[in-house]
Amino acid sequence: MNILMENMDLADAPEQWLQKTGKVVCIVEASGTRQLVGKLGKVPTTNGVINPVVFRLSPTDSRMPDVSIRANEVPADLLPLLDSKKYLKEQLFLVDIMEWPETHSLPYGRIVKPIGVVGDVDTYTASILVENCIDETVLPAAVLEQIVKPFTNEMRNAAKDAGRQDFRGDCVFTIDPPDAKDLDDAVSCHALGNGIYSVGVHIADVSFYIAEGTPIDLYARQRGTSVYLVNKVVPMLPPKMIESVCSLDPGVERRTVSALFTITENGEVLDHFLTRGLIRSCAKLSYETAQRIIDDPYQVPTVALSASPCEADAIRQTILFLFEITQSLRRQRFERGGLRIDQPEFRFDLDGNGLPVAMVERDRFASCQ
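If you're wondering where the values come from, they're calculated on a predicted model, not measured in any experiment.

A.B. asks: So what about the overall build of the chain? Which residues, and what values?
C.D. replies: Counting secondary structure elements, the chain contains seven helices and 16 strands. The burial tally for the chain puts 34% of its 369 residues in the buried class. In the chain, the proportion of contacts linking residues at least 24 apart, taken out of those at least 6 apart, comes to 59%. Of the accessible surface of the chain, which amounts to about 23100 Å², a share of 53% is contributed by carbon and sulfur atoms.

A.B. asks: Please set out the pairing of strand β13 (residues 269-280) residue by residue, giving values where relevant.
C.D. replies: The pairing of strand β6 (residues 165-166) with β13 spans two bridges and is classified as parallel. Bridging across to β13, Q165 finds its partner in G277. Hairpin connection from strand β12 (residues 253-264) to β13: four residues lie between these consecutive antiparallel strands, with G267 at a positive phi of about 90°.

A.B. asks: If you had to explain the sheet that holds strand β1 (residues 35-42) to someone new, which residues and values would you point to?
C.D. replies: Judged by pairing direction, the barrel is mixed, and its five strands sit side by side in the order β1-β2-β3-β5-β4 before closing back on the first. Between one strand and the next, the sheet's axes are offset by a mean angle of 50°, whatever the strand orientation. Across the sheet, helix α2 (residues 121-131) touches β1, β4 (91-99) and β5 (108-117), and the angle it forms with β5 is around 145°.

A.B. asks: Requested: an account of the packing of aromatic side chains, with residues and values cited.
C.D. replies: Evaluated as defined, the whole model comprises three aromatic pairs. Their ring planes at 50° and their centres at 4.7 Å tell us that Y197 and F321 sit as a pair that is tilted. Here F321 lies in helix α7 (residues 312-335) and Y197 lies in strand β9 (residues 196-204), a separation of 124 residues in the sequence. Assigned by exposure class, Y197 and F321 land together as buried. Of note, R223 hangs over the ring of Y219, and the distance from its end group to the ring centre comes to 4.0 Å.

A.B. asks: Help me get a handle on helix α6 (residues 287-295), residues and values and all.
C.D. replies: Those residues of α6 not exposed but buried are T289, A290, Q291, I293 and I294. Where α6 is buried, its residues touch β7 (174-176), β14 (284-286) and α7.

A.B. asks: Got a sec to walk through the pattern of salt bridges? Specific residues and values, please.
C.D. replies: Pairing between side chains of opposite charge can happen when the charged atoms of each approach one another. According to the stated counting rule, one finds 14 salt bridges in the structure shown. Put simply, D166 and R168 hold a salt bridge, and the shortest N to O gap is 2.7 Å. Overall, D166 belongs to the partly exposed group, its relative accessible area being 44%. Looking at R168, the relative accessible area reads 14%, which means it is buried. R221 is the partner of D217 in a salt bridge, and the nearest nitrogen-oxygen pair spans 2.6 Å. Of this pair, D217 and R221 both sit in helix α4 (residues 215-223), four residues apart, which is roughly one turn of that helix. Since its relative accessible area comes to 15%, D217 is described here as buried.

A.B. asks: Residues and numbers for the environment of S258, please.
C.D. replies: Along the chain, S258 falls in strand β12. Contacts of S258, omitting those with residues within four sequence positions, involve F167, V201, H202, F273, L274 and T275. A polar contact is formed between the side chain of S258 and the side chain of H202, at a distance of 2.7 Å.

A.B. asks: Could you give an account of the sheet that holds β6, naming the residues involved and the relevant values?
C.D. replies: Spatial ordering of the open sheet is given by β6-β13-β12-β9-β8, a layout of five strands whose pairing is mixed. For this open sheet the edge positions go to β6 and β8 (185-193), each flanked by a neighbour on one side alone. Bridge count for β12 against β13 is 11 bridges, and the pairing is antiparallel. Across the sheet, the residue bridging to S258 is T275, located in β13. Here α7 sits on the sheet in contact with β8, β9 and β12, set at roughly 90° to β8.

A.B. asks: Give me helix α5 (residues 239-246): which residues, what numbers.
C.D. replies: Within the span of α5, buried status applies to M241, I242, V245 and C246. Mapping the buried residues of α5 onto a view down its axis gives an arc of 110°, with all of them on the same face.

A.B. asks: So what's going on with the packing of α6 against α7? Residues and values would help.
C.D. replies: At their nearest, the axes of α6 and α7 sit 10 Å apart, and the two run at 80° to each other. Here α7 runs roughly perpendicular to α6, going by the angle between their axes. Taken together, the residues of α7 that come into contact with α6 (itself represented by A290, I293 and I294) are R316, I319, L320 and F323.

Reading the values: the criteria
Residues numbered from 1 in each chain as written. Predicted model: local features only at pLDDT ≥ 70, side-chain atom pairs only at ≥ 80, totals over all residues. Heavy atoms only, no water. Helix = DSSP H or I, 4+ residues; strand = E, 2+ residues; numbered from the N terminus. Buried < 20%, exposed > 50% of the residue type's maximum accessible area, 1.4 Å probe, protein only. Contact = heavy atoms within 4.5 Å. Areas by Shrake-Rupley, 256 points an atom, 1.4 Å probe, with all protein chains shown as cover. Pairing = 2+ DSSP bridges. Axes fitted to C-alpha atoms, helices over the stretch in contact; angles between N-to-C directions. Phe/Tyr/Trp six-rings, centres within 6.5 Å; stacked < 30°, edge-to-face > 60°. Lys NZ or Arg CZ within 6 Å of the ring centre and 35° of its normal. Salt bridge = Lys/Arg side-chain N within 4 Å of Asp/Glu carboxyl O. Polar contact = N/O pair within 3.5 Å; in protein donor to acceptor, adjacent residues only side chain to side chain. Arc of directions from axis to C-beta. Parallel < 35°, antiparallel > 145°, perpendicular 65-115°, else oblique.

Structure (structure tokens):
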């Protein structure tokens, strides 16, 4: 349909035709990074006139503006080093943006510190973290000890938890990459008969250990997620806490938030409910092990079992039940128009110095779907 709008007043135009606009009234709170990483260059004098700006930072992130550095914003212990052209050429620096007056084309900043040598992996790793507002600050050891120690001792008496459903006698296990250390979810499944199953998804109940507004809550909230780089991980929560009381390791009692589904072999969910529970994982499986079971369903797998009532054959049967259900769910999703994106994933092999020496495509297993 062609509509002639030549003589139409905007006030008469239908609302759905108009593009909503607005304007910035004020800045309530600054967000995003106020720090940049880059190379420093000296600002020369002009006709003998001393320029108050003695250095200019050229950020490694080309989207960011250069930053002017005045003499009083350079740490005193750095001044002698910055006289060396070689030092300036070899180093990357961390700079805080202090202000950006309306009358100046560039912001003013101050040098925080040199972060490393140009070309060094650790230097560029630090640069990536700064540019993406990722904070590596760790909780003081004394604060962390106060958080972890009481719960480590208290977990020995987990059976007294009132209101928690007890799954410690069930066949519950984790499936993760072989090098995973933080095991945050586990699964269970058993047949109810007539093609109906009870499927459990058990998530580590981290909220039990972290009260709202506490230092560790604010610490985790600021991060929002763990960040995985090629050569390091910046965890959302302190690793000591995860390893001591949260990770669903085999053979130890752990608190969980559990979702229980009553589901048919065709993927129809008949019922579901959420509960807080207690589990004792019977094994830590890799995706490769799960895939071997799927490929050879009649072979009892060789897995390291913890001290639990779960047996290797029960793990085999559970994986086969889950695989049958997930395949039905995937088929239904695609029949409804679901988009399938099979993007390759890669991992990096590192040498003894943490430098990448090879990039290898990850195997794609049906057990990962």
